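# Results of the structural survey
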Amino acid sequence: MSNLTPRPTAQGVSSVPEGFNRAESKSLVRAQNTEVARGLVIGTRVQAAGYVAATGMQLTGMLSREAEFLANGDPRAAERLNFIADSFAEGAATEVRRMLR
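Counting starts from 1 at the beginning of each chain's written sequence and moves along it residue by residue. Side-chain atom pairs in this predicted model are given and counted only at pLDDT of 80 or more, local residue features only at pLDDT of at least 70, and totals for whole chains, interfaces and linings cover all residues. Note that water and hydrogens are dropped before the side-chain values are worked out from all heavy atoms of the structure.

### Let's talk about the overall build of the protein
This is how it is decided: Working definition: helices are DSSP H or I runs of at least four residues, strands are E runs of at least two. Numbering for both runs from the N terminus. For every residue, the accessible area (1.4 Å probe, protein chains only) is compared with the maximum for its type, and the residue is labelled buried under 20%, exposed over 50%, or partly exposed between those bounds. Any two residues having at least one pair of non-hydrogen atoms within 4.5 Å are treated as being in contact. For every accessible area listed, the method is Shrake-Rupley and the probe measures 1.4 Å; residues are considered covered only by the protein chains on display.
Of the regular secondary structure elements, the protein holds two helices and zero strands. Buried residues in the protein amount to 11% of all 101 residues. In the protein, of all internal contacts separated by at least 6 residues, the share reaching a separation of at least 24 is 54%. For the protein, the exposed surface amounts to about 8,400 Å²; the carbon and sulfur share of it is 59%.

This is how it looks when you write it as structure tokens:
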């Protein structure tokens, strides 16, 4: 993974502005580290929710096609089978929404 906010690695190069005393410098570095960690956590949550959404969409499509195949033109069977596929889709959507809170 590439760094979105590059950090200085060379000795003598500082991300702390000139004129900061030692306590201010430590506080700034701590705050920067906190923000970087928060960004990593948020990014990971979004990626996980995307994975769950993609899996849910694939499975919902598969279940819908299977329901249509199994109904074989019977409207009552189609209603029942589509209800099951729709229930799965609703559950998958609920899980994605829960993950993004």
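### Overview of the packing of helix H1 (residues 22-71) against helix H2 (residues 75-99)
Quick note on the threshold: Between the N-to-C directions of two axes lies an angle of 0 to 180 degrees, each axis being a line fitted to C-alpha atoms and, for a helix, fitted only over the stretch in contact. Note on angle classes: values under 35 degrees are labelled roughly parallel, values over 145 roughly antiparallel, values of 65 to 115 roughly perpendicular, and the remainder oblique. Residues were grouped as follows: Ala, Val, Leu, Ile, Met, Phe, Trp, Tyr, Cys and Pro as nonpolar; Asp, Glu, Lys and Arg as charged; and all remaining residues, including Gly, as polar.
Two numbers describe how H1 lies on H2: the axes approach to 9 Å, and their chain directions differ by 180°. Viewed along their axes, H1 and H2 adopt a mutual orientation that is roughly antiparallel. Mapping the contact onto sequence places Ala 48, Ala 49, Val 52, Ala 53, Gly 56, Leu 59, Thr 60, Leu 63, Ser 64, Ala 67, Leu 70 and Ala 71 in H1 and Ala 77, Ala 78, Leu 81, Asn 82, Ala 85, Phe 88, Ala 89, Ala 92, Glu 95, Val 96 and Met 99 in H2. Grouping the constituent residues of the contact of H1 with H2 by class yields 18 nonpolar, four polar and one charged.

### Some points on H2
Here is the rule we go by: An expected span of 1.5 Å times one less than the residue number is assigned to each helix. As used in this structure description, the phrase polar contact means that two N or O atoms lie within 3.5 Å; if the pair is within protein, one of them must be able to donate a hydrogen and the other to accept it, and residues adjacent in sequence are counted only when both atoms belong to side chains.
When the terminal C-alpha atoms of H2 are compared, their 36 Å separation across 25 residues agrees well with the 36 Å that a helix rising 1.5 Å per residue should span. Every buried residue of H2 is listed here: Ala 77, Ala 85, Ala 92 and Val 96. For H2, the elements touching its buried residues are H1. The N-cap of H2, judged by a side-chain oxygen 3.2 Å from the amide nitrogen of Arg 76 a few residues on, is Asp 74.

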